[in-house]
Amino acid sequence: MSDWGPVFVAVVLFVLLTPGLLIQIPGRSRFIEFSSFQTSSASILVHSILYFALVCIFLLAIGVHMYIGS
């Protein structure tokens, strides 16, 4: 059996934390902007730190596991 938990968590967080897609922290004109479809180097840095922290929490602290197949 293969453990697909890390792959699933990484892909979902990558999509949700893409700067400018759903949310952008910090925004260009406000601190938080929603669906701006723009990005900046500061927001890329903030989102990558959030991504790393959430991946560590979900995979190391909580231990998400998904076994698919026989």
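Please read these numbers as outputs of a predicted model, since none were measured by experiment. (Residues numbered from 1 in each chain as written. Predicted model: local features only at pLDDT ≥ 70, side-chain atom pairs only at ≥ 80, totals over all residues. Heavy atoms only, no water.)

*Asks:* Even after reading the chapter, I still don't get the side chain of E33, so can you show me in this structure?
*Replies:* Residue placement: E33 occurs in strand 3 (residues 33–34). Although E33 is buried, it forms no salt bridge, and the closest oppositely charged side chain is R30 at an N-O distance of 4.9 Å. In this structure the side chain of E33 is engaged in a polar contact, spanning 2.9 Å, whose partner is the backbone nitrogen of S29. Ignoring sequence-local partners within four residues, the contact set of E33 consists of L22, I23, Q24, G27 and R28. (Helix = DSSP H or I, 4+ residues; strand = E, 2+ residues; numbered from the N terminus. Buried < 20%, exposed > 50% of the residue type's maximum accessible area, 1.4 Å probe, protein only. Lys, Arg positive; Asp, Glu negative; His and termini not counted. Salt bridge = Lys/Arg side-chain N within 4 Å of Asp/Glu carboxyl O. Polar contact = N/O pair within 3.5 Å; in protein donor to acceptor, adjacent residues only side chain to side chain. Contact = heavy atoms within 4.5 Å.)

*Asks:* Please clarify how the environment of Q38 should be interpreted in this entry.
*Replies:* Within the secondary structure layout, Q38 lies in the loop between strand 3 and helix 2 (41–62). Residues Q38 and A10 lie 28 residues apart in sequence; the distance between their C-alpha atoms is 22 Å. With near-sequence residues (within four places) excluded, Q38 lies in contact with P19, G20, Q24 and R28. Within the structure, the side chain of Q38 is placed 3.3 Å from the side chain of R28, a separation counted as a polar contact.

*Asks:* Would you take a moment to explain the side chain of S43 for this structure?
*Replies:* Note on placement: S43 falls in helix 2. Filtering out sequence-adjacent residues up to four positions away, S43 remains in contact with P19, Q24, I25 and P26.

*Asks:* Would you explain helix 1 (residues 5–16) in this entry?
*Replies:* Along an α-helix, residues three or four positions apart point the same way, because every turn accommodates 3.6 residues. A rise of 1.5 Å per residue sets the reference length of helix 1, with its 12 residues, at 16 Å; its end C-alpha atoms lie 16 Å apart and thus fit the reference within 8%. Of all the positions in helix 1, only G5, V9 and L13 are classed as buried. Projection of helix 1 onto a plane perpendicular to its axis shows the buried side chains occupying an angular sector of 45°, all on one side. (Expected span 1.5 Å × (residues − 1). Arc of directions from axis to C-beta.)

*Asks:* How should I be thinking about helix 2 in this particular structure?
*Replies:* Taking 1.5 Å as the rise per residue, helix 2 with 22 residues should run 32 Å; its terminal C-alpha atoms sit 30 Å apart, in good agreement. Three or more residues of helix 2 are buried, namely S43, H47 and V55. For helix 2, the elements touching its buried residues are helix 1 and strand 2 (23–24). Looking one or two residues beyond helix 2, the residue adopting positive phi is G63, at roughly 75°.

*Asks:* When you look at the environment of A10 in this model, what are you seeing that I'm missing?
*Replies:* Tracing the sequence through the fold places A10 in helix 1. According to the relative accessible area criterion, A10 is partly exposed, its value standing at 23%. Along the backbone, A10 and Y51 are 41 residues apart, and their C-alpha atoms lie at a distance of 8.5 Å.

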